[in-house]
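# Summary of structural features
Letter by letter, the chains look like this.
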Amino acid sequence: MLATPGSLPPAGVEDRWAFEVKQDGQRAMVYLPGGGNGDPAVRSGADITTAYPELTALGSVFGRPAVLDREIVALDREGRSDFERPQSRMGLTGSPAKAARMAQLVPAHLILFDAVHLDGHNLTRLPYTERRSLLEGLELPGVHWSTPTAVGRLAVGPKLATSRNRELRILQLLKDRGHPEWSPGV
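Fair warning: this is a prediction, and the values are worked out from it, not measured in the lab. (Residues numbered from 1 in each chain as written. Predicted model: local features only at pLDDT ≥ 70, side-chain atom pairs only at ≥ 80, totals over all residues. Heavy atoms only, no water.)

### A look at the nonpolar core
Selection rule: Throughout, nonpolar core names a set of buried Ala, Val, Leu, Ile, Met, Phe, Trp, Tyr and Cys residues whose side chains join them through atoms within 4.5 Å. Type-normalised accessible area, obtained with a 1.4 Å probe on protein chains alone, sets the label of each residue: buried when under 20%, exposed when over 50%, and partly exposed for intermediate values. Labels follow the DSSP assignment, with helices taken as runs of H or I lasting at least four residues and strands as runs of E lasting at least two, numbered in each case from the N terminus. Note on contacts: a residue pair qualifies if any of its non-hydrogen atoms lie within 4.5 Å across the two residues.
Of all hydrophobic cores here, the largest spans 27 residues; its most connected members are Leu 68, Ile 72 and Leu 140. Counting residues per element, the ones that place at least two in this core are strand E2 (26-32), strand E4 (66-73), helix H2 (96-105) and strand E5 (109-118). Tallying contributions element by element places E5 first for this core, with four residues. The residues contacting Leu 68, other than those within four sequence positions of it, are Ala 28, Met 29, Val 30, Leu 32, Leu 112, Asp 114, Ala 115, Leu 135, Leu 138 and Leu 140.

Rendered as C-alpha cells:
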C-alpha cells in the first residue's frame, strides 16, 4: 500500500498499528509467475527488469506465483536507504549494458513489505496482519532483497520511536492493523 501522511495513533490504541521503517527509494511491484523469473514494475505498470539485473534472481529463489509490494533502494554505508543513490539506476530499461555496470557501482536492494497475490490467490481483502504473516512466512533469503520485520506495539511507544528515528534520519511508516484491505494508493 502507498503510505499516506498522518498523525501518531492516540495513546491506548497503539496495539492496532504495526510500525515499519519507511524506505526511501523507487516504489514497485514484483510479479513472480512461478517459472523461475521475476519482473519488477513501477506503479505505472512499466517493466523495469532490465534496469535492475541483480534483482531478477528473486524469481529463481521463489518458484511460486506471487505479486509482492516493495521498494527498490540503494543503501548507504550505514545500511540506510538514500533516495539520491538509486536515481542513477532509474530509467535504464533501454540500456541493459549500462544497467549492469551501474549494478556494480550502486547495487539495488528490494525491501519486500506486503504480499498482494500468492499461489493464485488474491490477498488484497485480507487484513494487513494476515498478509504480513504470509509474506514473512515465505522466508526469502537473498543478498539483494529482504523482508524487514514489522513491529507491533513498541515498548518505548510511538512518540519516542519517532523521535529516535528522526535522530537517525530514518523515516517511519505506520500501517493500520485493522485496515481490512490492501489499497494501491494514489
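So, next bit.
### Side note on the confidence of the model for the chain
Let me state the cut-off plainly: pLDDT expresses how confident the predictor is about each individual residue, on a scale running from 0 to 100.
Chain-level statistics for the chain give a pLDDT mean of 76 and a share of 64% at 70 or above. Put simply, strand E8 (residues 171-176) is where the chain has its lowest mean pLDDT, 52, and strand E6 (residues 121-122) is where it has its highest, 94.

### A few points about the environment of Val 116
Here Val 116 is to be found in strand E5. We classify Val 116 as buried; its relative accessible area is 4%. With 86 residues separating them in the primary sequence, Val 116 and Val 30 have C-alpha atoms 9.9 Å apart.

### Quick notes on the pairing of E4
Note the threshold: Strand pairing is assigned whenever DSSP identifies at least 2 bridges connecting the two strands.
Most of E4 sits inside the fold, with eight of its eight residues counted as buried. Here E4 shows no split at all, with Ala 66, Leu 68, Arg 70 and Ile 72 on one side and Val 67, Asp 69, Glu 71 and Val 73 on the other all buried. Where E2 lies against E4, seven bridges are found, and the strand directions are antiparallel. In the sheet register, Val 30 faces E4, and the bridge partner there is Leu 68. Bridge count for E4 against E5 is eight bridges, and the pairing is antiparallel. The residue bridging Arg 70 from the neighbouring strand is Leu 112, located in E5.

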